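# Chain and residue survey
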Amino acid sequence: MALTGLFLCTFLVGHLAGNLQLILKTGEEGRRAFNEYAYFMGHNLFIKILSYVTYAAILIHVIDGIALTIQNRKARPVRYAYSKPGANSSSASRSMAILGTLILVFLATHMANFWWQMKVKEAVPLHTYKLEMDNPMMGAANAELYYTHVPGIQPIPKDGKNIIEKGTDLYIKGTNVKVAEGYRDLHTLVMDFFSKSKNEGALFAVLFYLISMIVLAYHLLHGFQSAFQSLGINHPKYTPLIKIIGTAFAVVVPFLFAIIPVIIYMNH
Amino acid sequence: MASKFINITLKIWRQKNTNAKGGIETYSLANVSTDSSFLEMLDQLNEQLINEQKEPVAFDHDCREGICGMCSLYINGRAHGPETGTTTCQLHMRSFTDGDTIYVEPWRSRAFPIVKDLVVDRSAFDRIQQAGGFVSVNTSGRTMDANAIPIPKHDADKAFEAAACIGCGACVATCKNGSAMLFVGAKVSQYALLPQGKVEAQDRVINMVRQMDEEGFGNCTNTGACEVECPKGISLENIARMNREFLSASLTADK
C-alpha cells in the first residue's frame, strides 16, 4: 500500500502540472499548449511505460487494499456494542477504505469522460487552425486546416500568423484527406465538459469533481504520512516534517485540481 | 477530595463459554464509592449477584496495581476506560458520575477468544513471544556479565520504554483492524535495540511477524489508536522499527 500509494502521489503531481496548463494559458495559445502536451503524453515512449506502471500501481493499490480490508474485518468477527473510536484516532485514518472506494468511483467516471474518449473512442475532434498561406496547398487558401504535429517542423509566426512551412502535411477539412496525424483536441473536450454554456450537466460535473477532490484530500491526509510509517520511516527528526509536508500535500494538490473545473465553469 | 457514593447502571457482556452466544445484560448498582477502583466496583456487583443467587461476572485481574497486564475491559467504548496511561485496575469510580450508564465489554479479536464473560484468552501473545521474543543464552557457567557490554544510554532507554509493554492487549482491542503490531513492535524493539538482541534480530522479527499473522490479527493501517490507548504509552516508533527490521530481514535473510 505504501509504495504504490507514494508512487500515485507522484503521479498526482505530474497530472496536476499538466492540468494547470488548462488555466495558466488562455485562448488559442492555451489550447495549443495543452494539446501539444496531450500529444506528448500519448506518444512519448517513457511516458507510455510510466502510464502502464501507473495503471499497475492503481490496480495493486486497489487489490491490496481490498485484501487487507477483508483480513482486518475478519480479525474482529464480533463488533463492540459501544465504541468510541473518535477518542483515539482521526476519522480520515479510519475511513481509508471507503474514501478509496469513492476515489475509485470518481476515477471510473473520470476515465470514461476523458481517457476513454481520447484513447479508445477517438471521438475527440482534431485541433483545427485557421491558416493563411502564401502558397496554399491543394488550393485551400484561407481555409480551415487541421494543424498537424510532425516532429521537427514547427509553425513559424509570420506577421502575427502561424505559417506552416512547405512540406508539412495537413489534414484538410471537408475533404477527409488525411495528410498527417493532427492533435486530438482534448483541450476543447475538457473545456466543453465543464463549460456551463456547452454542457447542461456541467454544474453536476463540477460539483462531483469538487466532492471527489475533498475525498482525495482526506485520503491523502492520512495516506501520505502513513506510507512513511509503514515503510519504517519514523524518526523524531523527520517525522514532524513528513507530517507537515503530508498535510500540505493533502490540502494543496486536491485544491489546485479542484479550482481548474471551477474556473472553466465560471469563464466558459 | 471527599468520597461520594454514586448509583450506576452497568451494561455488561455475559457469555457462558467460548462457543456460547453472548449478550449484553443490564445491572443496577447502588452506593458505589467514588474512591473504589473499577475492579472493586465489579467485586461489589459480584457480591450483589452472589447474594441474589446469580452467576457472578468473570473478569481478569491480578496485581491491581497496573503492572501485571492481566486486567482488560472495554469500558464505555475505550480500552481500559476513559483515562489515558492507566489500566482498568487503575481506573477509579471518580471518573464517573451519578446516574451513568457504563458499558463493559471484553476485548474483541478473533485471536482473543472469549473464555467466559469478560475473560479472553490472550495466549496468542505468548505464542508470538515464544516464536522469537527472547535472547538465547548459553548457560555454560561462563555467562558474561550483562553489564560488561557497553550500551548507549539512549538505546537502553528506548529498549526499556519498549519493554514497559505489559502485554495486556489493549492495542489489539482498540485497533479497528484488531492488529497486534504495537505489541509485536514493542517486543521486537526491546531486543533489537540492544547488542545482546542484535545477534538473532533477523530471525526474531521474521518469526514473530509470521506467528502474529498466523494467529489471525489484523493489519496495521497507522490510525494510531493503539498508542493513545496503551496504558504504558508504547510509541508508534516501535511499529516503524519492526517494519524496518522486517523489511530488511525479508530482503536479506536466508529464510
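Residues numbered from 1 in each chain as written. Chains lettered and ligands numbered in written order. Predicted model: local features only at pLDDT ≥ 70, side-chain atom pairs only at ≥ 80, totals over all residues.

## Thoughts on the nonpolar core
Keep this limit in mind: What makes a nonpolar core is a set of buried Ala, Val, Leu, Ile, Met, Phe, Trp, Tyr and Cys residues, with links drawn between C-beta atoms within 7 Å. Whether a residue is buried, exposed or partly exposed is read from the other C-beta atoms within 10 Å of its own C-beta, which are placed from the backbone; 20 or more gives buried, 12 or fewer gives exposed, and intermediate counts give partly exposed. Comment: elements are numbered from the N terminus, with helices defined as DSSP H or I runs of at least four residues and strands as E runs of at least two. The domain boundaries here were taken from an automatic or database domain assignment. Any pair of residues counts as being in contact when their C-beta atoms, constructed from backbone geometry, are within 7 Å of one another.
One finds B:Val104, B:Cys171, B:Val172, B:Leu182, B:Phe183 and B:Val184 to be the most contacted residues of the largest nonpolar core, which totals 70 residues. The element that contributes the greatest number of residues to this core is helix α5 (residues 181-192) of chain B, accounting for eight residues. In terms of domain composition, this core takes at least three residues from each of domain 1 (5-115) and domain 2 (122-139 + 147-252) of chain B. With near-sequence residues (within four places) excluded, B:Leu182 lies in contact with B:Cys171, B:Cys226, B:Glu227, B:Cys230, B:Ile234, B:Asn238 and B:Ile239. Membership of the second largest hydrophobic core comes to 29 residues, among which are A:Phe34, A:Leu186, A:Val215 and A:Tyr265.

## Observations regarding the confidence of the model for chain B
Put simply, the rule is: Here pLDDT means the predictor's own confidence in every residue, given as a number from 0 to 100.
Averaged over chain B, the pLDDT score is 95; the fraction of residues at 70 or greater is 99%. Both scores are given for the predicted complex: the pTM is 0.88, the ipTM 0.92.

## Concerning the interface of chain A and chain B
Keep this limit in mind: Side-chain classes are defined by residue name, with Ala, Val, Leu, Ile, Met, Phe, Trp, Tyr, Cys and Pro counting as nonpolar, Asp, Glu, Lys and Arg as charged, and the others, Gly among them, as polar.
Taken residue by residue, the interface counts 28 residues in chain A and 33 residues in chain B. Of all the secondary-structure elements, those providing two or more residues to the side of chain A that touches chain B are α3 (45-74), α4 (91-94) and α7 (202-230) of chain A. The element best represented in the side of chain A that touches chain B is α3(A), accounting for four residues. Of the residues that constitute the side of chain A that touches chain B, the class distribution is twelve nonpolar, eleven polar and five charged.

## Some details on the packing of helix α3 (residues 153-163) of chain B against α5(B)
Residue and element names in this part refer to chain B. So the rule is basically this: Only the stretch in contact is used when a helix axis is fitted, and all axes are lines through C-alpha atoms; the angle between N-to-C directions ranges over 0 to 180 degrees. Just so you know how the angles are binned, under 35 degrees is roughly parallel, over 145 roughly antiparallel, 65 to 115 roughly perpendicular, and the rest oblique. In this scheme, a crossing is called left-handed if the near helix is turned counterclockwise away from the far one by less than a right angle; it is called right-handed if the turn is clockwise.
Relative to each other, α3 and α5 sit at 150°, their axes nearing to 8 Å. When the axis of α3 is compared with that of α5, the two are roughly antiparallel. In the packing of α3 onto α5, the handedness of the crossing is left-handed. Contacts between α3 and α5 involve Ala159, Ala162 and Ala163 from the former and Ala186, Ser189 and Gln190 from the latter. Its residues assigned to classes, the contact of α3 with α5 comprises four nonpolar, two polar and no charged.

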